[in-house]
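Coordinate analysis (summary)
Each chain, written out:
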Amino acid sequence: MNDPRGAAEPAAAVAVPEAVTALDPGTAPPGGSAPDGPRRPGARRAALGPVALVVAGGLSVQFGAAVAVLLMPKAGALGVVTLRLAAAALVLLVICRPKLRGHSRADWGTVVAFGVAMGGMNTLFYQALERIPLGAAVTLEVLGPLVLSVVASRRLANLVWAALALGGVVLLSGGGFDRLDPAGAAYALGAGAMWAAYIVFSARTGRRFPQADGLALAMVVAAVLSLPLGIMEAGSKLLVPTTLGLGAAVALLSSVLPYTLELMALRRMPAPTFAILMSLEPAIAATAGFLILDQALSTTDALAIALVIGASMGAVRSQGRGSRKR
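Residues numbered from 1 in each chain as written. Predicted model: local features only at pLDDT ≥ 70, side-chain atom pairs only at ≥ 80, totals over all residues. Heavy atoms only, no water.

Examining the overall build of the protein
- Check the secondary structure of the protein and you find 11 helices and 0 strands.
- Across the protein, helices and strands are ordered from the amino to the carboxyl terminus as α-α-α-α-α-α-α-α-α-α-α.
- Within the protein, the proportion of its 326 residues that are buried is 51%.
- Partitioning the intrachain contacts of the protein with sequence separation of at least 6 by distance along the chain shows that 89% fall at a separation of at least 24.
- Roughly 14800 Å² of accessible area belongs to the protein as shown, and the carbon and sulfur atoms make up 67% of that amount. (Helix = DSSP H or I, 4+ residues; strand = E, 2+ residues; numbered from the N terminus. Buried < 20%, exposed > 50% of the residue type's maximum accessible area, 1.4 Å probe, protein only. Contact = heavy atoms within 4.5 Å. Areas by Shrake-Rupley, 256 points an atom, 1.4 Å probe, with all protein chains shown as cover.)

Some points on a nonpolar patch on the surface
- Taken together, Leu70, Phe290, Leu291 and Ile292 make up a surface patch of nonpolar side chains, about 370 Å² in accessible area.
- It is helix α10 (residues 281-292) that provides the largest number of residues to the nonpolar patch, a total of 3 residues.
- Following the sequence through the fold, Ile292 ends up in helix α10. (Patch = residues over 30% accessible without salt bridge, like charges linked within 9 Å, V, L, I, M, F, W, Y side chains within 5 Å. Salt bridge = Lys/Arg side-chain N within 4 Å of Asp/Glu carboxyl O.)

Considerations on the environment of Ala157
- Structurally, Ala157 can be placed in helix α5 (residues 156-172).
- Spatially, the C-alpha atoms of Ala157 and Gly314 are 8.8 Å apart, while their sequence positions differ by 157 residues.

Side note on the pattern of salt bridges
- Within this structure, the stated rule accounts for 2 salt bridges.
- A salt bridge links Arg131 to Glu130, with the shortest nitrogen-to-oxygen separation between them at 3.9 Å.
- The class of Arg131 is partly exposed, set by a relative accessible area of 34%.
- The class of Glu130 is partly exposed, set by a relative accessible area of 40%.

Some details on unusual backbone geometry
- In the Ramachandran plot, Arg97 falls in the positive-phi region, its phi being about 45° despite a non-glycine side chain.
- Looking at Arg97, the relative accessible area reads 67%, which means it is exposed.

Side note on the packing of aromatic side chains
- Tallied over the entire structure, the rule returns 3 aromatic pairs.
- A ring pair is formed by Phe114 and Tyr198, whose centres lie 5.4 Å apart and whose planes are at 35°; its orientation type is tilted. Within this pair, whereas Phe114 is found in helix α2 (residues 105-129), its partner Tyr198 is found in helix α6 (residues 182-208), the two being separated by 84 residues in sequence.
- With relative accessibility at 0%, the residue Phe114 sits in the buried group. (Phe/Tyr/Trp six-rings, centres within 6.5 Å; stacked < 30°, edge-to-face > 60°.)

Focus on the packing of α2 against helix α7 (residues 213-234)
- Closest axis-to-axis distance for the α2/α7 pair is 7 Å, and the angle between their directions is 55°. What the angle tells us is that α2 and α7 run oblique. For the pair α2 and α7, the crossing hand works out as right-handed. Taken together, the residues of α7 that come into contact with α2 (itself represented by Trp108, Val111, Val112, Phe114, Gly115, Val116, Met118 and Gly119) are Gly214, Leu215, Leu217, Ala218, Met219, Val221, Ala222 and Leu225.
- Class assignment of the residues belonging to the contact of α2 with α7 gives a composition of 13 nonpolar, 3 polar and no charged. (Axes fitted to C-alpha atoms, helices over the stretch in contact; angles between N-to-C directions. Parallel < 35°, antiparallel > 145°, perpendicular 65-115°, else oblique. Left-handed = near helix turned anticlockwise from the far one by under 90°. Nonpolar A, V, L, I, M, F, W, Y, C, P; charged D, E, K, R; others polar.)

Let's talk about the nonpolar core
- One finds Met118, Phe125, Tyr126, Leu134, Tyr198, Leu215 and Met219 to be the most contacted residues of the largest nonpolar core, which totals 79 residues.
- It is helix α1 (residues 41-96) that contributes the most residues to this core, 19 residues altogether.
- Excluding residues that lie within four positions of it along the chain, Tyr198 makes contacts with Phe114, Ala117, Met118, Met121, Tyr259 and Glu262. (Core = buried A, V, L, I, M, F, W, Y, C linked by side-chain atoms within 4.5 Å.)

Details of the packing of α6 against helix α8 (residues 241-266)
- Two elements in contact, α6 and α8, have axes whose closest approach is 9 Å; the angle formed by their N-to-C orientations is 70°. Taken together, the axis directions place α6 and α8 in an arrangement best described as roughly perpendicular. The handedness of the crossing between α6 and α8 is right-handed. Only Tyr259, Glu262, Leu263 and Leu266 of α8 make contact with α6, whose side of the interface consists of Tyr198, Ile199, Ser202, Ala203 and Gly206.

Next up, the structure:
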């Protein structure tokens, strides 16, 4: 767990976690041979487990983002980020009670990088939400994971599915972002870059720390970085009981639940597949915007959502076939 070789890994390299046997039911057990015949239904259900974790995390984070939009008039974008990260850090510290001893310098470096990526992703994304609609912000943000999937993948099929997902993202944007606030669009693109870094360092943290210990420690780093900004913008407004309550709800929906689910998924799923699954986020965000923020969906939006979902499903099936061949 505390392998000193990890310190020599280049910071920009994409660490792709190995898929567990559940993703490749035909893989032979250690010292044995692979069973003949079709895969068992139980193994197939186990293979879908990581996918379900990612989808559940996406639902949680986007509905939490919709609630955060309702909270912004009371605390501002930076105030919401501070409430979200601070509350999530407290919850995770109480639940996980991570050990501070027994970790190498490389372990701590990974956690700090994970926390910086998490804090930067949240800060930039909520700055975008102040200026552009939720669906458009997530559509731009998801370009980060899509680029990561193209860079990290070594299989042509993944490039095809990533291109199809990108087509859905462009269609969901209405063919262009010229009508959006330029600063909001820039913040969303920056959040996408930090999202790609989040995926990389989440995978590395999951391998270096047991359970969700690394996540809890990284959340503390992100909360500490966001605290001065939130205090400067919101000040005493952060202590209003209703604001604190909504902030806690946003923390649970947008941080504690999704980050824990995604960390679990990254232990059982290759990073490129996870990155392409993140293309589901614009569809989930559009649904959350419709249900909570009264942002209607057009026929074009529905078609774009179908393209993104189809690309994500194709990526998972393609990855499953590739794992069985290996």
